[in-house]
Amino acid sequence: MKKSSIYIHIPFCEHKCKYCSFCSYACGLPEQKEYIKSLIKEVKLRADKNICATTIYIGGGTPSLVDASDVARVLDEVRGSFSIEADAEVTLEANPNSLTYEKLEIYKAAGVNRISLGLQSHKNKFLQLLGRPHDYAQFKRAAEAVLRCGIANLSVDIMFGLPGQRQAHLKKTVKKAVKSGAVHISAYGLNLEFGTPLEAAVSSGTLAECDEDASNEMYKVVNKALERWGFARYEISNFAKPGFESKHNLNYWVRGEYLGFGVSAYSYTGGVRLENTHDLAEYSNRVNKAELPVIFTETETPETAEKEYIMLALRTAKGIDLYDYAAIFKKDFVKTYKPAVEQMAGSGFVCLSDGRLYIDEKHFNVSNLIIEKFF
């Protein structure tokens with residue numbers, strides 16, 4: 001039986017955050033209901049009991065915005081269409097303002113055992129700057145509801161490098177996230193995506209961007225603070241208490257297979273990458289005609305597979321397993337990339353130890369620049 005992760009995209013939001021470039025829409029209840037019907041049809045189209053899902057991740061958008069019973073219906077169809085590992089990790093993303101104890105009870109009954117909750121900052125002025133639809137008090141109530149419902153695996157998202165943010169603000173946000181009961185924390189630097197309101201404000205000069213050096217220092221602040229609270233960094237942006245690393249994300253980083261359902265979802269199976277349409281109307285039209293909503297297909301080459309392996313492995317704390325690399329690609333990594341290895345190791349940016357090559361933890365904040373040396 002083939003192992004795979006499953007991703008389900010719920011693209012609806014109350015409104016789009018000012019930094020967001022993801023595929024999301026502000027739609028009413030009728031549109032949401034129609035989309036759920038289409039989503040269930042796509043799952044049925046791709047049903048295969050020979051595929052065993054090790055993880056399920058419901059992301060968005062804001063999955064907690066739609067009716068919880070609709071989320072349960074989608075999960076029921078997934079369970080009917082695929083084999084599900086007995087201890088599968090089932091995650092649902094939520095915004096604090098749309099998450100209630102009553103919804104959580106429905107999610108839990110449907111098999112959800114992990115909640116990813118967006119905090120971003122404990123300061124309401126930054127939440128307003130980002131266009132977030134919640135305040136800190138709502139986050140606190142939502143986190144309490146998650147734990148009261150008996151879902152112990154709580155992940156919290158925070159952001160750094162915000163215009164006007166200081167290290168003291170960030171330290172307090174980290175503390176608030178930890179005190180909420182989170183056992184996993186994702187920390188993302190603000191990325192000003194072209195075409196977003198926040199990027200436009202910075203480009204026009206009406207808002208001052210946090211400079212790169214200050215953002216790098218904030219990343220170090222997050223790492224040190226979480227380390228003191230007993231969290232280990234296992235990937236550039238992800239920190240967890242022992243045993244609470246995201247299994248779903250780990251599958252991506254080791255290039256495991258995954259099936260993506262919903263508008264704009266991606267799949268990777270049998271060395272082939274598939275991309276679903278980003279258009280809601282086209283998505284529904286195609287699945288209603290029993291057609292897969294795929295708009296792009298790409299078969300990976302040995303070269304692209306190797307580059308992706310290197311990039312993903314170096315994002316993790318464990319780095320590249322040199323024996324695993326040799327077994328897959330039939331060559332010696334250190335010899336193949338000798339100039340880059342000597343330069344990066346000689347400068348202390350990467351370490352060679354116990355059959356692994358990994359980025360030194362002091363330099364994770366410039367990991368992109370290090371990874372580029374091997375391309």
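What counts and how
- Residues numbered from 1 in each chain as written.
- Predicted model: local features only at pLDDT ≥ 70, side-chain atom pairs only at ≥ 80, totals over all residues.
- Heavy atoms only, no water.
- Pairing = 2+ DSSP bridges.
- Helix = DSSP H or I, 4+ residues; strand = E, 2+ residues; numbered from the N terminus.
- Salt bridge = Lys/Arg side-chain N within 4 Å of Asp/Glu carboxyl O.
- Expected span 1.5 Å × (residues − 1).
- Buried < 20%, exposed > 50% of the residue type's maximum accessible area, 1.4 Å probe, protein only.
- Contact = heavy atoms within 4.5 Å.
- Polar contact = N/O pair within 3.5 Å; in protein donor to acceptor, adjacent residues only side chain to side chain.
- Axes fitted to C-alpha atoms, helices over the stretch in contact; angles between N-to-C directions.
- Left-handed = near helix turned anticlockwise from the far one by under 90°.
- Nonpolar A, V, L, I, M, F, W, Y, C, P; charged D, E, K, R; others polar.
- Right-handed = clockwise from strand over helix to strand, strands pointing away.
- Lys, Arg positive; Asp, Glu negative; His and termini not counted.
- Domains from an automatic or database assignment.
- Buried area = accessible area lost by both parts, 1.4 Å probe.
- Parallel < 35°, antiparallel > 145°, perpendicular 65-115°, else oblique.

Quick notes on the sheet that holds strand S14 (residues 350-353)
Spatially, 3 strands are ordered S13-S15-S14 in an open sheet, and the strand pairing comes out antiparallel. Strands with a single pairing partner mark the edges of an open sheet, and in this sheet they are strand S13 (320-321) and S14.

A closer look at the environment of Lys 2
Among the secondary structure elements, Lys 2 is positioned in strand S1 (residues 2-10). Sequence separation between Lys 2 and Phe 239 is 237 residues, and the spatial gap between their C-alpha atoms is 29 Å.

Brief notes about the pattern of salt bridges
What the rule picks out here adds up to 15 salt bridges. Between Arg 273 and Glu 308 there is a salt bridge; the shortest N-O distance is 2.3 Å. Residue Arg 273 is found in strand S11 (residues 272-276), and its partner Glu 308 is found in helix H11 (residues 302-315); the two are separated by 35 residues along the sequence. A salt bridge links Lys 362 to Asp 360, with the shortest nitrogen-to-oxygen separation between them at 3.0 Å. Here the residues in one salt-bridge network are Lys 33, Asp 67, Asp 70 and Arg 73, joined through shared partners.

Considering helix H5 (residues 136-148)
With 13 residues, H5 ought to run about 18 Å at 1.5 Å a step, and its terminal C-alpha atoms sit 18 Å apart, in line with that. Among all positions in H5, only Tyr 136, Phe 139, Ala 142, Ala 143, Ala 145 and Val 146 are buried. Against helix H3 (101-109), strand S4 (114-120), helix H4 (124-130), strand S5 (153-160) and helix H6 (167-179) lie the buried residues of H5. Two or three places before Ala 137, at the start of H5, stands the capping residue Asp 135, its side-chain oxygen 3.3 Å from that residue's backbone nitrogen. Directly after H5, the chain includes Gly 150, whose backbone phi takes a positive value near 95°.

Things to note about the packing of H6 against helix H8 (residues 212-228)
What describes two packed helices is the angle between their axes and the distance between those same axes. In contact at an axis separation of 10 Å, H6 and H8 are set at 35° when each is read in the N-to-C sense. The two elements H6 and H8 meet at a crossing, and its hand is right-handed. From H6, Gln 167, Leu 170, Lys 171, Val 174 and Val 178 reach across to H8, where they touch Glu 217, Met 218, Val 221, Val 222, Ala 225 and Leu 226. Here the contact of H6 with H8 is built from residues that sort into 8 nonpolar, 1 polar and 2 charged.

Description of H6
When the terminal C-alpha atoms of H6 are compared, their 18 Å separation across 13 residues agrees well with the 18 Å that a helix rising 1.5 Å per residue should span. For H6, the full list of buried residues reads His 169, Leu 170, Thr 173, Val 174, Ala 177 and Val 178. Buried residues along H6 sit in contact with S4, H4, S5, strand S6 (184-189) and H8. Positive phi shows up at Gly 181, right after H6, with a value of about 105°.

Considerations on the pairing of S5
Taking burial as the measure, the 8 residues of S5 include 8 buried ones, the bulk of the element. Here S5 shows no split at all, with Asn 153, Ser 155, Asp 157 and Met 159 on one side and Leu 154, Val 156, Ile 158 and Phe 160 on the other all buried. Each parallel crossover has a hand, and the one from S5 via H6 to S6 is right-handed.

So, the side chain of Arg 114
Its place among the elements puts Arg 114 in strand S4. We note that Arg 114 is buried and unpaired, the nearest opposite charge coming from Glu 89 at a distance of 4.2 Å. Here Thr 91 takes part through its side chain, which lies 3.3 Å from a polar atom of the side chain of Arg 114. Non-local contacts of Arg 114, meaning those with residues more than four positions away in its chain, are made with Tyr 57, Glu 89, Val 90, Thr 91, Leu 92, Ile 151, Asn 153, Ser 155, His 184 and Ser 246.

Topic: the domain arrangement of the chain
One can read the domain layout of the chain as domain 1 (2-253) and domain 2 (320-373). Look at where the C-alpha atoms of domain 1 and domain 2 centre, and you get two points 31 Å apart. Listed per partner, the contact involves 5 residues of domain 1 and 6 residues of domain 2. Interface area for domain 1 against domain 2, summed over the two sides, is near 550 Å², with a carbon-plus-sulfur share of 56%. For domain 1, the biggest contributors to the area lost against domain 2 are Asn 216, Arg 233 and Ile 236; these three give 65% of the whole. Applying the counting rule to domain 1 against domain 2 returns 0 salt bridges.

Considerations on the packing of helix H1 (residues 29-45) against helix H10 (residues 280-288)
Put simply, H1 and H10 touch, their axes get as near as 9 Å, and they point 45° apart. Comparing the axis directions of H1 and H10 gives the class oblique. Two packed elements cross with a definite hand, and for H1 against H10 that hand is left-handed. Only Leu 280, Tyr 283, Ser 284, Val 287 and Asn 288 of H10 make contact with H1, whose side of the interface consists of Glu 34, Tyr 35, Ser 38, Leu 39, Lys 41, Glu 42 and Leu 45. Here the contact of H1 with H10 is built from residues that sort into 6 nonpolar, 3 polar and 3 charged.

Digging into unusual backbone geometry
Cis geometry is found at the peptide bond from Gly 60 to Gly 61, where omega equals 20°. Along the polypeptide, Gly 61 turns up in the loop between strand S2 (48-60) and helix H2 (68-81). The residue Arg 255 is not glycine, and still its phi comes out positive at about 60°. By the element assignment, Arg 255 lies in the loop between helix H9 (247-253) and strand S9 (258-261). The class for Arg 255 is buried, based on a relative accessible area of 16%. In this model, Asp 354 sits at a positive phi of 55°, which is unusual for a non-glycine residue.

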